[in-house]
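# Tertiary structure, described
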Amino acid sequence: MTEPTTPTPIAAARAALLDERRRLSADELAALAALGGEHLGALCDLAHEVRTTWCGDVVEVEGILSVKTGGCPEDCAFCSQSAQFDTPVLATPFLDRDEILAAARETAELGASEFCIVLAVRGPDEPTMQRILELVPEIRSETGVNVSVSAGILTREQAERFAAGGVHRYNHNLETARSHFPKVVTTHTFDERWETCELVTEYGMELCCGVLLGLGESDAQRLELIGQLQQLGPAEVPVNFLNPRPGTPLEIRPLTPAKDALKWIALFRIGLPDVILRYAGGRELTLGDLQEAGMSAGINALIVGNYLTTLGRAPEQDLEMLDRLSMPIGSLSKVL
């Protein structure tokens, strides 16, 4: 009588996620992360199956706009908008209403369902709160798209006001694992970010909570970060790759290798099967011609156009890519 064979980590993960419809344990995810490069294709195939089974085939498109750029007092080591570093990014005032509405209209014309206004601040002061709360209903009325906001650390009262004022999704990234965070940021803590994320969901907004890979973190810390996101339960996780910016402490960090980027896109999808997993900053530089491969490794949303201080590729290129892949554009929002 032959002994039953132990399933491979990929086969075991497929059974858990697709047949049993359950999330993987930390040990099961670590077993996948330990696989060698020869398993990359199978890992990406599994991630794509997980994405279509748990989320469907729709891809959500979003545009973002930096409405207040530079001059941020925080010392995030990757960010060229920090006033603490000598970078080419100059502090600029809050954009005027017409510029913001024009950008929102352009985003809507691309088929986007989400428009995010982003501010380089530690957190919003009262004049900033008032301007955002005036803009949100105007953008919504003018374009019909949902409005997201990224304005840093929030108090409970600010979170409540944003939710009441129609903010659909609030972006506040963890960026990296708790154990690595103090090596990247010293002017605020991981706990402060975590508390803002909890306030967002407590007041009924969708939480957009992104990651930035390539900050010098280990594979174990990437797995730690997936576990922390599992605990938070965001609706959306943007996946950014470090694009080293001149003048920042991380300006000489090497780029994440493309195959490593694909592996971790797949692992974030497998570890977070039901989230909106969004292509974000650095993908063009990190992945280059392999961006379509990333779309087939678990991604189901993307930011089109430019980012906050770096250029993306032309939106038409992304729309053509989705057409080639037969991936329909739509909304993945859980709260409309």
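Everything that follows concerns the structure shown earlier in this document.
As the structure is a prediction and not an experimental result, all values here were calculated from the model.

It is worth spelling out helix α9 (residues 258-271) at this point. With 14 residues, α9 extends 20 Å from end C-alpha to end C-alpha; this agrees with the ideal 20 Å at 1.5 Å per step. Burial within α9 is extensive, with 11 of its 14 residues counted as buried. Among the residues of α9, Ala 261, Leu 262, Lys 263, Trp 264, Ile 265, Ala 266, Leu 267, Phe 268, Arg 269, Ile 270 and Gly 271 are the ones counted as buried.

The biggest cluster of nonpolar side chains holds 96 residues, and the ones touching the most others in it are Leu 32, Phe 162 and Phe 268. With residues up to four places along the chain from it excluded, the contact list for Leu 32 reads Pro 9, Ile 10, Ala 13, Leu 24, Leu 43, Leu 267 and Ile 270. Ile 64, Cys 116, Val 118 and Ile 303 belong to the second largest nonpolar core, which has 5 residues in total.

It is at 11 Å that the axes of helix α2 (residues 26-33) and α9 come closest, and there the two elements cross at 160°. Considering their axes alone, α2 and α9 lie roughly antiparallel with respect to each other. The crossing of α2 and α9 is right-handed. In this structure, α2 uses Leu 29, Leu 32 and Ala 33 to contact α9, whose residues at the interface are Lys 263, Trp 264, Leu 267, Ile 270 and Gly 271. Among the residues forming the contact of α2 with α9, the class breakdown is 6 nonpolar, 1 polar and 1 charged.

Before going further, it helps to examine the environment of Arg 21. Looking at the secondary structure, you find Arg 21 in the loop between α1 (9-19) and α2. In this structure Arg 21 touches Ala 16, Thr 53 and Trp 54, once residues within four positions along its chain are discounted.

Another point: the pairing of strand β8 (residues 276-279). Alternating positions in β8 separate into two faces, Ile 276 and Arg 278 on one and Leu 277 and Tyr 279 on the other, with burial throughout. Note that strand β7 (residues 236-241) and β8 share 4 bridges and pair parallel. Within the sheet, the bridge partner assigned to Pro 238 lies in β8 and is Arg 278.

The next subject is the pattern of salt bridges. Tallied over the full model, the rule gives 26 salt bridges. A salt bridge links Glu 114 to Arg 169, with the shortest nitrogen-to-oxygen separation between them at 3.9 Å. In this pair, Glu 114 is assigned in strand β2 (residues 114-119) and Arg 169 in strand β4 (residues 169-171), connecting sequence segments 55 residues apart. Neither Glu 114 nor Arg 169 differs from the other in exposure class; each is buried. Here Arg 122 ties to Glu 192 by a salt bridge, and the two come within 2.8 Å at their closest N and O atoms. With a gap of 70 residues between them, Arg 122 in the loop between β2 and α5 (126-143) and Glu 192 in helix α7 (residues 190-202) connect regions that are remote in the sequence. Since its relative accessible area comes to 32%, Arg 122 is described here as partly exposed.

What counts, and at which threshold
- Residues numbered from 1 in each chain as written.
- Predicted model: local features only at pLDDT ≥ 70, side-chain atom pairs only at ≥ 80, totals over all residues.
- Heavy atoms only, no water.
- Helix = DSSP H or I, 4+ residues; strand = E, 2+ residues; numbered from the N terminus.
- Expected span 1.5 Å × (residues − 1).
- Buried < 20%, exposed > 50% of the residue type's maximum accessible area, 1.4 Å probe, protein only.
- Core = buried A, V, L, I, M, F, W, Y, C linked by side-chain atoms within 4.5 Å.
- Contact = heavy atoms within 4.5 Å.
- Axes fitted to C-alpha atoms, helices over the stretch in contact; angles between N-to-C directions.
- Parallel < 35°, antiparallel > 145°, perpendicular 65-115°, else oblique.
- Left-handed = near helix turned anticlockwise from the far one by under 90°.
- Nonpolar A, V, L, I, M, F, W, Y, C, P; charged D, E, K, R; others polar.
- Pairing = 2+ DSSP bridges.
- Salt bridge = Lys/Arg side-chain N within 4 Å of Asp/Glu carboxyl O.

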